Amino acid sequence: MIGIVVPAHNEEEMLGACIASLQVAAAHPALQSEPVRIAIVLDACRDGSAAIARQAGVHTIEVDYTNVGLARHNGAGWLIAQGARWLAFTDADTIVEPDWLVRQLASRADAVCGGVHLLDWATLSTELRRRYLSHRRSVTAGRHIHGANLGVSVAAYLAVGGFAPLVAHEDVRFIGTLKQHGFTIDWLHGMRVKTSSRRKARAPEGMGALLNSLEQGIS
C-alpha cells in the first residue's frame with residue numbers, strides 16, 4: 001500500500017483541488033491497482049477543511065499542534081500502521097501531477113525530492129519573479145527540498161525516526177538525516193507540483209514567507 005500525507009491548517013480554499021489531484025494520481029494505471037490511502041492531518045483547523053476532506057472520502061486525523069513536523073509524522077504513523085510501504089508527502093495548497101506517485105515508485109532510491117512550480121506565476125510582478133528565480137538558482141546543484149513534493153520508503157522513514165517536531169524546515173532536516181545515515185536520495189527535477197504563490201504564510205519560513213520577504217525587498 002502507498003500512503004499520502006497532507007498536513008492542513010485552515011486550507012479550505014485549496015484543499016479540495018489538492019485532494020482531487022491526489023485521487024487522480026492514486027488511480028494511475030501504472031500503479032497496477034496498488035491501494036493508495038490519503039491521510040489529511042487537520043492541524044488546528046478552524047475553517048471548513050474537515051468537511052471538505054470528509055466529503056472527498058479521504059481519511060482525516062484531527063490534531064492541535066500548529067506544528068507541521070508533528071503533523072506530517074502523525075499522518076505517517078497512521079499510514080504505516082495501515083500497512084504502507086511507501087510514503088508520499090505534499091501540502092494542502094498544492095496540486096500534484098497524475099504521474100506523481102508513478103515517478104516516485106520508479107526510483108530505486110530510498111527517498112525522492114521533486115521541485116515546485118508556483119500557481120498564478122503570471123500574476124506575480126516581474127521583479128518578484130526575478131528575485132524568486134535568483135533564489136532558486138542559489139541552491140547548490142538545484143537540490144531543493146520541499147515538504148510539498150517528496151517521498152520515502154517506510155523502511156528508511158522508520159530507520160531515522162521520521163520527521164522532527166519542527167514548525168519549519170522539517171523537510172530539510174529529514175532529508176539531511178537520511179543522507180547522514182547513508183540512505184540514497186533521488187533528485188527528480190522533472191517531478192514537479194504546483195503550489196500556491198500566496199504571501200499569507202501558513203508555516204513560518206515556508207514558501208509563503210519566502211515570497212513575502214522577497215516582495216518586501218522590492219522598493
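Please refer to the structure placed before this passage.
First, a word on scope: everything that follows refers to the structure included in this document. Along every chain, residues carry numbers that run from 1 in the direction the sequence is written. Where totals are concerned, whole chains, interfaces and linings use all residues; where local detail is concerned, this predicted model gives features only for residues with pLDDT of at least 70, and gives and counts side-chain atom pairs only at 80 or more. Only heavy atoms go into the side-chain values, all of them from the structure, while hydrogens and water stay out.

The next subject is the packing of aromatic side chains. Two rings from Phe, Tyr or Trp (for Trp, the six-membered ring) form a pair when their centres are within 6.5 Å of each other. A pair whose planes differ by under 30 degrees is stacked, one over 60 is edge-to-face, and the rest are tilted. Within this structure, the stated rule accounts for 5 aromatic pairs. Summarising the aromatic geometry, the rings of Phe89 and Tyr157 are spaced 6.3 Å apart at their centres and angled 20° between planes, so their arrangement reads as stacked. Of this pair, Phe89 sits in strand β4 (residues 86–89) while Tyr157 sits in helix α6 (residues 154–160), and the two are 68 residues apart along the sequence. Across the pair, Tyr157 and Phe89 agree in class, each one buried. Helix and strand definitions here come from DSSP, where helices need a minimum of 4 consecutive H or I residues and strands a minimum of 2 consecutive E residues; each element is numbered from the N-terminal end. Accessibility here uses a 1.4 Å probe with only protein chains present; expressed as a share of the type maximum, an area under 20% marks a residue as buried, one over 50% as exposed, and anything in between as partly exposed.

Time to look at helix α1 (residues 15–26). Counting along an α-helix, one turn takes 3.6 residues, and residues three or four places apart therefore face a common direction. Between its first and last C-alpha atoms α1 spans 16 Å; for 12 residues at 1.5 Å apiece the expected length is 16 Å, and the two agree. Inspection of α1 places Leu15, Cys18, Ile19, Ser21, Leu22, Ala25 and Ala26 among the buried residues, and these make up the whole buried set. The buried residues of α1 occupy one face: seen down the axis, they fall within an arc of 160°. Whether two residues touch is decided by their heavy atoms; if any such pair falls within 4.5 Å, the residues are in contact. The elements touched by buried residues of α1 are β1 (2–8), β2 (36–43), α2 (49–55), β5 (94–95) and α4 (100–106). Each residue after the first adds 1.5 Å to the expected span of a helix. This arc corresponds to the set of directions leading from the helix axis out to the C-beta atoms.

With glycine set apart, most residues show a phi of negative sign, and most peptide bonds adopt trans. Unlike most non-glycine residues, Asn10 shows phi in positive territory, near 55°. Positionally, Asn10 belongs in the loop between β1 and α1. Relative accessible area serves as the criterion here: at 22%, Asn10 is assigned to the partly exposed category. The phi dihedral of Ala44 falls on the positive side, at around 55°, and the residue is not glycine. Within the fold, Ala44 resides in the loop between β2 and α2. Judged by its relative accessible area of 5%, Ala44 falls in the buried class.

In these notes, a set of buried Ala, Val, Leu, Ile, Met, Phe, Trp, Tyr and Cys residues joined through side-chain atoms within 4.5 Å is what counts as a nonpolar core. Core analysis: the biggest nonpolar cluster contains 28 residues, and Ile4, Val6, Leu22, Ile40, Trp100 and Leu101 have the highest contact counts within it. When residues of this core are assigned to their parent elements, the largest contribution, 5 residues, is made by α1. Apart from residues no more than four positions distant in its own chain, Val6 is found in contact with Cys18, Leu22, Ala39, Ile40, Val41, Thr90, Asp91 and Ala92. Counting 27 residues, the second-largest nonpolar core is a separate cluster that includes Val63, Leu178, Ile185 and Trp187.

Note that every value here comes from positions in space, so none of it alone points to a role or purpose.
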